[in-house]
Structures are given as structure tokens and as C-alpha cells.
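# Coordinate analysis (summary)
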Amino acid sequence: MKKIARQIHLWLGLATGLVVFIMGVTGAIYCFAPELQNLQAYRWVEEEKAAFLPPSTIKQIAEEQLPGKTLQRIYYDARDKSVMVLFSQKEVYSYSVFLNPYSGEVLKLRDNDRDFLSVVLQIHRTLKIPFGHEIIRWSTVIFMLMLVTGIILWWPKNSGTVKQGFTIMWRASPKRLNYDLHKVLGFYGSWIAIFSAFTGLMFAFEGFQNITYRISGVSNSIVQKKPPLSDTSGGRGLMAIDKVWREVEPDLYGKYAMAMFVLPAVKDGPILLRANPSRSTLYKSDFRYFDQYSGKEFSGAYVWGRYNDAHTLADYIKRMNYDIHTGAIFGLPGRIALFFVALVVASLPLTGFYFWWGRRRKTRAKHFA
């Protein structure tokens, strides 16, 4: 089995080493996305006792900055944070407008294709090249196989070699040190990286998602997969999104720490309100849907539903997938741990290639001797 595992590990590693390195480096950087975002001055405002401007006013001001562009989302953050409005059309453009939520002053018009963190995330997801998403998807599958075959190759032959599998010989020769760094760090990192790879597969393959949810009890969930539809025959009256705002505003900074409005893209689509009681994780968010014409909230649980609607293991897996993938599920310590694991993952193609190249040169030298 080890012979087979060694060949699989070697050739798949050579085939995907560069992609794994890029995913590891970008993943490590994005572990500290909240801290890096807080360094951006336009995300901060001076807190006032006044009320925030309603979404309709924020929407109007933002659309004046980008006429003709599609407004998708409006993010209300803390009382000392700016409101962010996202304009996006897949693979065409992505802009963010940051406004003072009290005065409506435009603080920043940002091209997300030139923003450092946004670019890091795009590289992590698509490599920013044609068919990059497909390359990432299948590289994630291969990386999962690499982790499994790596553990098989690490497994000690007998009790006398167990200690070597856990210890790095720091005073050894460069070649031996490189080998230990690949083998030992790879073993330790695998037990966390395997969760990151699994959750990555959940993002990458809808079929894999569906199988996982089916096994974990999605059939017993009360949460419906598709969102509800708005009644297109209804009259508008007061702006529906402001009705939704009036519904959620009393709960802000009490029950909820932040709120995001996702505007409908089609005539019968609903307004989605994602209201989150936490600043550090997403899994406790309430997904609430409203008719885009009347502003009336739909009863029932859709897509994720409210946090209290989660009953099955499938519901919790669906909710926690992103937070597990980023390490945020365990707060700052989890993100720090995943940061180091991501660096280990990025180092494995380098140490693995160096080890393979050294053995190849040694074999060729013997052959010509």
C-alpha cells in the first residue's frame, strides 16, 4: 500500500504543487482579513447619537456614484463603521461604495479588482485566470488525496520508528531537515488541513454538498432549499426596503451586531435580510425574506432560515462550513491556528519538490557512475 501511496503522492504533488502553494499563501493571508480590513481608514466613522440613514437613501446616493451598475448588497456594520454598498456583475465588474451612515458622505469608491484583500480572495477561489475555478476545484480533490496518502506514508513501520515521525531533527543535514519538515509538519498540519479541504469541497461541488447534507439528515430539516417569491401584483406604497429597515432597526446593536440587505435580481425575487448577532462568525445569522413590493416578511424557513430553525446536523454543517473553512469557528485562536497550518500547506510543495529533486539527482548520478 505504501508503494502505491508513494506514487500517487509524488505525481499528484508534482501536478498540483504550484496551485497548493498559492492556495496556502492566499488562505494564510485571508485568515486575518478582519484585522487587515480594519486598517482601511474609510471603514471607520465617528459614532453619533443620530439614527442611520435608511437603505433607500443609501441606495440612491450609492447609485449616483455608479450609474448603470447593478447594486446587489447593502451592509450596515457597527455604529462607528461605514456602510458598504456592493455593485457587482459576475466576471464583469465589482465595486464597493463606502458611506457615512449618518450623513451619507461618500468615503470611498473602490474597484474591488484592485483591492488587495479582494484580489487575494479571487486568487484563492479562481487563480484569476480562465478556467481557474475548475483548476481550484479539482486541485482541492487532489489535495484531499495528498493528505490521505501523506498520512499513509508517514505511518511508522514499527514501534521503534514512532518517535521519528513526531520529531524534527533540527541539527541534521539540510536534506534530512527538509525531509523532516515535509514529513512531520505535514503530519501535524494534516489533521486541521483536512477539515479545510473538506469544507472547500463543499464550496466547490454542489453534488458533494448534497451528498453530505443527505447523509447528515437534511430530509428532516424544516428549512426549504429555495427562497420564496414576491407577489408581483402587489403595490409598492412606502419603499419596501425601508419597511424592512424599520423591522430590523430596533434589533440592531441589541439582538443583532450587523445587518446586510441583498436586493432581488428578478421581478419576483424577495429582499433578503441577513442579520448577524456576532462580528466574528457567520453561522448564527438569521436569513429573513421579505416581499420586495409590500415589505411583508415571509413566514417559514428558507435557504438557511433563522438560527433557531436549525435542527439537523445538515443545518449546522451548512451554517458552519465557511467559519470552519476560515478557522473563525474557534475565534481568533482558530484563525491563528489555521494561519500556521496554511503556511505549512504552502511549504509542503516546496519541501516535497526539494526532496524529490534530490533523490532524482542521486539516482541519475548512480546510473552514470
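Residues numbered from 1 in each chain as written. Predicted model: local features only at pLDDT ≥ 70, side-chain atom pairs only at ≥ 80, totals over all residues. Heavy atoms only, no water.

### Focus on the confidence of the model for the protein chain
We count it as follows: One number per residue, pLDDT, summarises how confident the predictor is, and it ranges from 0 to 100. Working definition: helices are DSSP H or I runs of at least four residues, strands are E runs of at least two. Numbering for both runs from the N terminus.
Confidence in the prediction for the protein chain averages 92 pLDDT; 95% of positions are at 70 or higher. Within the protein chain, helix 6 (residues 162-166) has the poorest average pLDDT of any element, 76, and strand 4 (residues 106-111) the best, 98.

### Comments concerning the sheet that holds strand 4
Where we set the bar: At least two bridges found by DSSP between two strands is the condition for calling them paired. For helices, the axis comes from a line fit to the C-alpha atoms of the stretch in contact; other axes are also lines fit to C-alpha atoms, and the angle between any two N-to-C directions lies between 0 and 180 degrees. When checking whether two residues touch, look at their non-hydrogen atoms; a contact exists if any pair is within 4.5 Å.
Read from one edge of the open sheet, seven strands run 4-3-2-1-5-6-7, paired in antiparallel fashion. Each having just a single partner strand, strand 4 and strand 7 (286-290) make up the two edges of the open sheet. Averaged over all neighbouring strand pairs, the angle between strand axes comes to 15°, with direction disregarded. Two strands pair when backbone bridges link them, and strand 6 (residues 271-276) and strand 7 are joined in this way by five bridges, in the antiparallel orientation. Residue pairing for strand 7: leucine 273 is matched across the bridge by arginine 288. Where helix 9 (residues 240-248) meets the sheet, its contacts fall on strand 1 (71-76), strand 5 (258-262), strand 6 and strand 7, and the angle it forms with strand 6 comes to roughly 20°.

### Let's talk about the packing of aromatic side chains
For the record, the criterion: Two aromatic rings, drawn from Phe, Tyr or Trp (for Trp, its six-membered ring), form a pair once their centres lie within 6.5 Å of each other, and the interplanar angle then sorts them: stacked below 30 degrees, edge-to-face above 60, tilted otherwise. The buried label goes to any residue with under 20% of its type's maximum accessible area, the exposed label to any with over 50%, and the partly exposed label to all in between, with areas taken from a 1.4 Å probe on protein chains only. Over a ring means this: the NZ of a Lys or the CZ of an Arg is within 6 Å of the ring centre and within 35 degrees of the ring normal.
Applying the stated criterion across every chain yields a total of 27 aromatic pairs. Ring centres 5.7 Å apart and planes at 80° place the aromatic pair tryptophan 154 and tryptophan 155 in the edge-to-face group. Classification of tryptophan 154 by relative accessible area gives buried; the value is 6%. Given the relative accessible area of 52%, tryptophan 155 is considered exposed. One aromatic cluster is present, formed by Phe52, Tyr76, Tyr102, Trp245, Tyr253 and Phe261 through successive ring pairs. When the ring centre of phenylalanine 52 is taken as reference, the NZ or CZ atom of arginine 79 above it lies at 5.1 Å. A cation over an aromatic ring shows up here: lysine 81 above the ring of tryptophan 44, its NZ or CZ 4.7 Å from the ring centre.

### Digging into the side chain of arginine 137
Inspection of the secondary structure puts arginine 137 in helix 5 (residues 132-154). Beyond its immediate sequence surroundings of up to four residues, arginine 137 is in contact with Leu201, Ala204 and Phe205.

### Quick notes on the nonpolar core
For the record, the criterion: What we call a nonpolar core is a set of buried Ala, Val, Leu, Ile, Met, Phe, Trp, Tyr and Cys residues that are connected through their side-chain atoms within 4.5 Å.
Ile58, Ile74, Tyr76, Val85, Phe261 and Leu273 are the most contacted members of the largest nonpolar core, which totals 30 residues. Elements supplying a minimum of two residues to this core: helix 3 (55-65), strand 1, strand 2 (83-89), strand 3 (93-99), helix 9, strand 5 and strand 6. Each residue touching phenylalanine 261, except ones within four places of it in the same chain, is listed here: Pro55, Gln72, Arg73, Ile74, Tyr76, Ile241, Val244, Trp245, Val248, Ile271, Leu272 and Leu273. Counting residues in each nonpolar core, the second largest holds eleven residues, with Val20, Leu147, Ala193 and Ala204 among its members.

### Section: the pairing of strand 4
Pairing analysis gives five bridges linking strand 3 to strand 4, with the strands arranged antiparallel. Bridging across to strand 4, serine 96 finds its partner in arginine 110.

### Here's the deal with the packing of helix 7 (residues 174-204) against helix 8 (residues 206-215)
This is how it is decided: Orientation categories follow fixed angle ranges, with anything under 35 degrees roughly parallel, anything over 145 roughly antiparallel, 65 to 115 roughly perpendicular, and all other angles oblique. We call Asp, Glu, Lys and Arg charged. Ala, Val, Leu, Ile, Met, Phe, Trp, Tyr, Cys and Pro are nonpolar, and the rest, Gly among them, are polar.
Taken N-terminus to C-terminus, the directions of helix 7 and helix 8 make an angle of 115°; their axes are 5 Å apart at the nearest point. Between helix 7 and helix 8, the angle is such that the two are roughly perpendicular. Packed against helix 7, whose contacting residues are Phe198, Leu201, Met202, Phe203 and Ala204, the element helix 8 presents Glu206, Phe208, Gln209, Thr212 and Tyr213 at the interface. Here the contact of helix 7 with helix 8 is composed, by residue class, of seven nonpolar, two polar and one charged.

### Section: the pattern of salt bridges
Pairing of side chains with opposite charge becomes possible as their charged atoms draw close. Our working rule: Basic side-chain nitrogens of Lys or Arg form a salt bridge, by our definition, when they fall within 4 Å of a carboxyl oxygen of Asp or Glu.
Inspection of the entire model under this criterion finds eleven salt bridges. Measuring nitrogen to oxygen at the nearest pair gives 3.1 Å for the salt bridge that ties glutamate 63 to lysine 59. With glutamate 63 and lysine 59 both in helix 3 and four residues apart, this pair spans about one turn of that helix. Among the ionic contacts, a cluster of salt bridges with common partners joins Glu247, Arg288, Glu297 and Arg306.

### What about the layout of surface pockets?
What counts here: Cavities and pockets were defined on a 1 Å grid built from protein atoms only: a cavity is a group of points that admits a 1.4 Å probe but offers it no way out, a pocket is an open group of points flanked by protein on both sides within 12 Å along at least five of seven lines, and a lining residue is one with an atom within 4 Å of any such point. Grid points are joined across faces, edges and corners, and a volume is the space filled by probe spheres set on the points.
Volume-wise, the second largest pocket comes out at about 1400 Å³. The wall of the second largest pocket is formed by 47 residues, among which His9, Leu153, Tyr179, His182 and Phe355 lie closest to the centre. Broken down by secondary-structure element, the contributors of at least two residues to the lining of the second largest pocket are helix 1 (2-30), helix 5, helix 7 and helix 11 (331-368). Considering every element that reaches the lining of the second largest pocket, the biggest residue donor is helix 11, with 14 residues. Among the residues forming the lining of the second largest pocket, the class breakdown is 22 nonpolar, 15 polar and ten charged.

### Brief notes about the environment of alanine 259
Within the secondary structure, alanine 259 sits in strand 5. A residue is classified by how much of its surface remains accessible, and alanine 259, at 2% relative accessible area, is buried. With ten residues separating them in the primary sequence, alanine 259 and glutamate 249 have C-alpha atoms 9.1 Å apart. In this structure, alanine 259 is in contact with Ile74, Tyr75, Tyr76, Leu252, Leu273, Arg274 and Ala275, ignoring residues within four places of it in sequence.

### Structural notes on unusual backbone geometry
For glutamate 91, which is not a glycine, the phi torsion comes out positive at approximately 60°. Within the secondary structure layout, glutamate 91 lies in the loop between strand 2 and strand 3. A relative accessible area of 77% means that glutamate 91 is categorised as exposed. Its identity is not glycine, yet phenylalanine 131 carries a phi of approximately 65°, on the positive side. Residue position: phenylalanine 131 is located in the loop between helix 4 (116-126) and helix 5. Residue classification places phenylalanine 131 among the exposed residues on the basis of a relative accessible area of 70%.

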